[in-house]
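# Structure at a glance
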Amino acid sequence: MNDERYTRLICKKFCSFYKGTTEELRCETYNFLAEHLTPAELNTLLTLARLVERESAPDFSKDAEVNTLVCERCEFRIDGCDFRENGSAPPCGGYVIIEKLLS
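Residues numbered from 1 in each chain as written. Predicted model: local features only at pLDDT ≥ 70, side-chain atom pairs only at ≥ 80, totals over all residues. Heavy atoms only, no water.

This paragraph deals with the pattern of salt bridges. Under the definition given, this model contains four salt bridges. Measuring nitrogen to oxygen at the nearest pair gives 2.9 Å for the salt bridge that ties Glu 4 to Lys 12. Among the salt bridges present, the one from Arg 73 reaches Glu 28, with a minimum N-O distance of 3.3 Å. Here the residue Arg 73 occupies a position in the loop between helix H4 (63–69) and helix H5 (75–80), and Glu 28 occupies one in helix H2 (residues 28–36), the gap between them amounting to 45 residues. (Salt bridge = Lys/Arg side-chain N within 4 Å of Asp/Glu carboxyl O. Helix = DSSP H or I, 4+ residues; strand = E, 2+ residues; numbered from the N terminus.)

Written out as structure tokens, the structure is:
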């Protein structure tokens, strides 16, 4: 079940795919961040990294690491992740968060 605190911090702020529904879909970046950080820790890190909204675009400098840590396990990749498949879509909401934290 999705946790509204993570949904607010990750999806609502950063994911261009988020439509405001109560779907139970979660990308692997959501799962990864929820497994490794409490909502309070994530909020603090977002503040410290000065990440505030969707306008915080990824620079793809840590793409190989994000791919290894997260994307290779993502269920959406199995069905065809347009970002990983051909770059025709932006990455998911948590991608920019994880990339920035790795930097």
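It is worth spelling out the packing of helix H1 (residues 4–14) against helix H7 (residues 93–102) at this point. Viewed as axis vectors pointing N to C, H1 and H7 meet at an angle of 110 degrees, and their least axial separation amounts to 7 Å. Here H7 runs roughly perpendicular to H1, going by the angle between their axes. In this structure, H1 contributes Leu 9, Ile 10 and Phe 14 to the contact, and H7 contributes Gly 93, Gly 94, Val 96 and Ile 97. Per-class residue counts for the contact of H1 with H7 are five nonpolar, two polar and no charged. (Axes fitted to C-alpha atoms, helices over the stretch in contact; angles between N-to-C directions. Parallel < 35°, antiparallel > 145°, perpendicular 65-115°, else oblique. Contact = heavy atoms within 4.5 Å. Nonpolar A, V, L, I, M, F, W, Y, C, P; charged D, E, K, R; others polar.)

The final tally for this structure, using the stated rule, is four aromatic pairs. The interplanar angle of 50 degrees and the centroid separation of 5.8 Å between the aromatic rings of Phe 60 and Tyr 95 together place this pair among those described as tilted. One end of the pair, Phe 60, is in the loop between helix H3 (39–48) and H4; the other, Tyr 95, is in helix H7, with 35 residues separating them in the sequence. Owing to a relative accessible area of 38%, Phe 60 belongs among the partly exposed residues under this scheme. For Tyr 95, a relative accessible area of 1% gives the class buried. With a centroid separation of 5.4 Å and an interplanar angle of 70 degrees, the aromatic rings of Phe 83 and Tyr 95 are classed as edge-to-face. In this pair, Phe 83 sits in helix H6 (residues 82–86) while Tyr 95 sits in helix H7, placing the two residues twelve residues apart along the sequence. Pairwise contacts between aromatic rings join Phe 60, Phe 83 and Tyr 95 into one cluster. (Phe/Tyr/Trp six-rings, centres within 6.5 Å; stacked < 30°, edge-to-face > 60°. Buried < 20%, exposed > 50% of the residue type's maximum accessible area, 1.4 Å probe, protein only.)

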